[in-house]
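Here is what each chain is made of, one letter per residue.
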Amino acid sequence: MVDELGVAVVGFGWMGRVHTQAYARLPHHYPQLPLRPRLITVAEEVPGRAEEAAGRFGFATATRDWREVAADPRVRAVSITAPNFLHREIGVAMAEAGKHIWIEKPVGLTAEDARAVADAVAKAGVQGAVGFNYRNAPAVEAARDLIASGEIGTVTHVRIRLFSDYAAHPDGALTWRYERARGGSGVLGDLASHGADLARFLLGDITSLTADTAVFLPERARPAGATAGHALASGGAPGPVENEDYVSCLLRFASGARGVLEACRVSVGEQNNYGFEVHGTQGAVFWDFRRMNELAVSRGSTYQDQPVSTVYVGPGAGEFAAFQPGAGNAMGYDDLKVIEAYRFVRSVAEGVPYGATLTDAVRCAALLDAMALAAREGAWVEVGPG
């Protein structure tokens, strides 16, 4: 017997569409789930966008006011894919209304925002999942298992990179993403948050860090109207970019390992160049998002001149078997969000958290706040548990 789970999506840009499609695909990849999502309503303040989404994807209703979602008894679970500055208000309101929430990172603008949402979820006794999608890649989960098994020895250092060109065009519109009050810490919240989660997921807690940040494109043109994605706006009145284009960070882990995390949103020639390199006393493991289903692995006992092999992950890694029958068959980005949706709905069904939680979001947000502080003060900053 499969019960229905009424779901809503608040904010319907690209990520809102990705969440919607992930819900729709769950019965195909996870027929064993005891809950089947039913698209109840979509909320988006841009005129006409919610109605268009409802017609295209099959939501029963559409609204421009997310508060109507909180009041709708048909809705039991909500995807929050609105801009960052709305995360806290919407997240707290949905939890207080008794809705389970799947919210995109970074869950607000600060660790205080993330903590407020986490506290509301805990108090309401609902489930809360967070969109740290890269940890869901089967190859990343395989790398974590390999590291934990000791196959590369004791981890000594890691390098995590997140380079993109989505903001590299000088005519990129001055949207909310570039404002401190609405976009928060810029590339820290957008890309470095994923890097912080990967660092913790792979190697555990970070105890201290230091960082440097920069704004490389200090002005952008104001858009004439509503925008979506990373639209251009040449000819508009110029305005200042208030948050970071770039961050580099040195990390110290509780294990004694060291790390480097670097992220940039204006890297010309880089299209989603995300990945990590983890080195240990006996080997290493490497992952590149653009070759998402592969690992490069070095292990053995020769130390010097030790070869590196390419490993194609297969059905034994993470959730790979729900998508492909054998190694070498590719998975893609949207599949990671299907895995995330599965873990969220499973959490709702069983009352036990699966996947990235709001606790993870709070700890990552604390790391981002520490990075910003370290960059301002030019010093090492101690990081608590969040």
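Report follows, based on the coordinates. Remember, predicted model here, so these are calculated numbers, not experimental data. (Residues numbered from 1 in each chain as written. Predicted model: local features only at pLDDT ≥ 70, side-chain atom pairs only at ≥ 80, totals over all residues. Heavy atoms only, no water.)

### Points about the overall build of the protein
Counting its secondary structure elements, the protein contains 10 helices and 17 strands. Relative to its length of 386 residues, the protein is compact, with a C-alpha radius of gyration of 21 Å against a globular reference of 21 Å. Seen through its principal axes, the protein has C-alpha atoms that stretch 65 × 55 × 40 Å. In the protein, buried positions account for 56% of the 386 residues. Just so you have it, the protein exposes about 16000 Å², and 49% of that area is on carbon and sulfur atoms. (Helix = DSSP H or I, 4+ residues; strand = E, 2+ residues; numbered from the N terminus. Rg over C-alpha atoms; globule rule 2.2 N^0.38 Å. Buried < 20%, exposed > 50% of the residue type's maximum accessible area, 1.4 Å probe, protein only. Areas by Shrake-Rupley, 256 points an atom, 1.4 Å probe, with all protein chains shown as cover.)

### Concerning a nonpolar patch on the surface
A cluster of nonpolar side chains, contributed by L250, V260 and W380, occupies part of the molecular surface with about 250 Å² of accessible area. Relative to the helices and strands, V260 is located in strand β12 (residues 258-264). (Patch = residues over 30% accessible without salt bridge, like charges linked within 9 Å, V, L, I, M, F, W, Y side chains within 5 Å. Salt bridge = Lys/Arg side-chain N within 4 Å of Asp/Glu carboxyl O.)

### Topic: the sheet that holds strand β15 (residues 294-298)
The nine strands lie next to each other as β16-β15-β14-β13-β7-β12-β11-β8-β17, forming an open sheet whose pairing is mixed. Since the sheet does not close on itself, it has two edges, and those belong to β16 (309-312) and β17 (381-382), each with one partner. (Pairing = 2+ DSSP bridges.)

### Quick word on unusual backbone geometry
It is generally the case that most residues other than glycine have a negative phi and that most peptide bonds are trans. A cis amide bond, omega 5°, links K105 with the succeeding residue P106. Tracing the sequence through the fold places P106 in the loop between β5 (100-103) and α5 (111-124). Even without glycine at this site, D305 takes up a positive phi of about 60°. With respect to the helices and strands, D305 occurs in the loop between β15 and β16.

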